[in-house]
Amino acid sequence: MDFDELDELDPVEVPDLGRDLAVIILGATGYTGSLMVEHLDALVDLQPKAEQLKWGVAGRNLAKLKNVASHCRSCPQIFHVSDDAQLDHMVSKGRVVISAIGPYALCGEAVVEACVKNSTHYVDITGEVPWMYQMVQKYHARAEELKTKIVLSAGNVCAPDEILCYSLVRTLGPLRDYREYFSQFGGISGGTLQTNITSLCSDEDGQIIAKDPFCLGGRGSKDRPEDLDCDQVEADSLYPSVYLAPAYNSSTGSRVLRRSAELFAADLRYGQELRVVIREGHLQRAMAEQQLQSFSTPKKEAADALLQARERDQAPWPGFGPPKELRKLYGAEIIALAQAESGHWAYARWTSGCAYEVSAMCAVCGALVLAEEAGGAGGVLTPAFAFHGTTWIDRLQEVPFANRGGQKIALEIHEGKPTEEVLRAQISERNRRVMIGQQKLLKLAKPWKTPALCESSI
């Protein structure tokens, strides 16, 4: 099934199947939600017909939901959700709900509340730290009591960080340092753009929360400069020819990793005084300074610039995102280096395709794990803690996005430290892909589109 090249077909509705639905995707007609539908449908299609799991799609626009269902090889149940009663009904029918509706700060809490109320596991792909903080404060204790897993940030913004750090802890034991060299090239969806605008316009309390490196937990016994967010370019202490600037996932990723360290506690010790540093490397200081400057623009000025770009049709509206031909060019390579409390070193390497496809894969595989393997503690959890001891990481590497033969997610673990040449090669490859992508963009009228099944967001 290729959701970017669909013809209109007659819609198909499936009768109510009760609580035996394994997974329901809420926001199935949005850009990322439609990618989740595409990937889950492909995984279900790989199963023998007699054993195919039952699943569903949900959203506000019934006509678009019917269109989504009609193009699936399997037969998802349709849930029209336009009020709290319909939301509660939908949540009660599934073992796991994936929420693809955002910005989560505006749309997300009602879904979390309904899932806790109905003891339904939950997965999302948020990167909105103040909202995550609020969900922990409001719902962690009750979800823990009910053994309901509310899994935040199971998308591209944090899942690779979680998998890399978790894998290095499993390899080395408790860590002293975790250093991540992030490298990614890709486009932006209208939903992500709207979330960025909403975050930039958040109230003062939200901005104060977001600045606290330990707002989600994991505070050590002392405050250290390296725990703070990056506010200046530095030559890397281990690889001095590499200049470090903040990465797009630095803030959220570091806070989620610290929460994982706190949640695991004695079960899988991350390290008593673990230091977490997530940066993007550059070969020239000037390029690193330019990236730092993009993170330093005053919030109102940055929000206004995004709004104006969208109004001038220079940025996508919700429901639009990178087309398939561009997604093929996009991808990430992340190198994570860790030193154990014992003094030993190891590093991990992650490679993957387009960030939005990775988000779909991570959330869908996480939901399947909860539906089929769930056990252990509940609460408002990180992906590493929620999926500990499951096949989540293995599932992610088995099948490429939508089983289309594209780039698979790959994870490698190595002893020792990578050479400086390895880091430089990573940066050079990103720069090469950026150049190719920019040449491709020049040939397109717009670098975004909406698949036929998701002409608008939920």
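Residues numbered from 1 in each chain as written. Predicted model: local features only at pLDDT ≥ 70, side-chain atom pairs only at ≥ 80, totals over all residues. Heavy atoms only, no water.

1. Here's the deal with the state of the cysteines
Cysteine pairs can be linked by a disulfide, which is a covalent bond between their two sulfur atoms.
And step 1. Here the structure, examined in full by the defined rule, presents 0 disulfides.
And step 2. The closest cysteine sulfur to the non-disulfide-bonded Cys 107 is located on Cys 115, 15 Å from its own sulfur.
And step 3. Cys 354 forms no disulfide, and the closest cysteine sulfur to it belongs to Cys 362, at a distance of 12 Å.
And step 4. Taking the relative accessible area as the measure of exposure, Cys 354 reaches 1% and is therefore buried. (Disulfide = S-S within 2.5 Å. Buried < 20%, exposed > 50% of the residue type's maximum accessible area, 1.4 Å probe, protein only.)

2. Remarks on unusual backbone geometry
And step 1. Residue Pro 103 follows Gly 102 across a cis peptide bond; omega there is 0°.
And step 2. The phi torsion at Lys 147 lies on the positive side, around 60°, for a residue other than glycine.
And step 3. Looking at the secondary structure, you find Lys 147 in the loop between α6 (129–146) and β6 (149–151).
And step 4. Under the relative-accessibility criterion, Lys 147 is labelled exposed at 57%. (Helix = DSSP H or I, 4+ residues; strand = E, 2+ residues; numbered from the N terminus.)

3. Looking at the packing of helix α1 (residues 31–45) against helix α14 (residues 355–373)
To characterise two packed helices, one gives the angle between the axes of the helices and the distance between these axes.
And step 1. One way to put it is that α1 packs onto α14 with a least axis distance of 8 Å and a crossing angle of 55°. Classified by the angle between their axes, α1 and α14 sit oblique to one another. In terms of crossing hand, the pair formed by α1 and α14 is right-handed. Residues Tyr 31, Thr 32, Leu 35, Met 36, His 39, Leu 40 and Leu 43 of α1 lie in contact with α14, whose contacting residues are Tyr 356, Glu 357, Ser 359, Ala 360, Met 361, Ala 363, Val 364, Cys 365 and Leu 368.
And step 2. A per-class count over the contact of α1 with α14 returns 12 nonpolar, 3 polar and 1 charged. (Axes fitted to C-alpha atoms, helices over the stretch in contact; angles between N-to-C directions. Parallel < 35°, antiparallel > 145°, perpendicular 65-115°, else oblique. Left-handed = near helix turned anticlockwise from the far one by under 90°. Contact = heavy atoms within 4.5 Å. Nonpolar A, V, L, I, M, F, W, Y, C, P; charged D, E, K, R; others polar.)

4. Considerations on the sheet that holds strand β5 (residues 121–124)
And step 1. An order of β3-β2-β1-β4-β5-β6-β14 is seen for the 7 strands of this open sheet, with the pairing classed as parallel. Each end of this open sheet is capped by a strand with a single partner; those strands are β3 (77–80) and β14 (379–381). Adjacent strand axes in the sheet meet at a mean angle of 20° when their direction is disregarded.
And step 2. Pairing geometry for strand β4 (residues 94–99) and β5, over 4 bridges, is parallel. Bridge pairing links Val 96 to His 121 in β5.
And step 3. Each of β1 (21–26), β2 (55–59), β3 and β4 touches helix α3 (residues 84–92); the most contacted strand, β4, lies at about 125° to it.
And step 4. Sitting on the sheet, α6 touches β5, β6 and β14, and the angle it makes with β14 is about 140°. (Pairing = 2+ DSSP bridges.)

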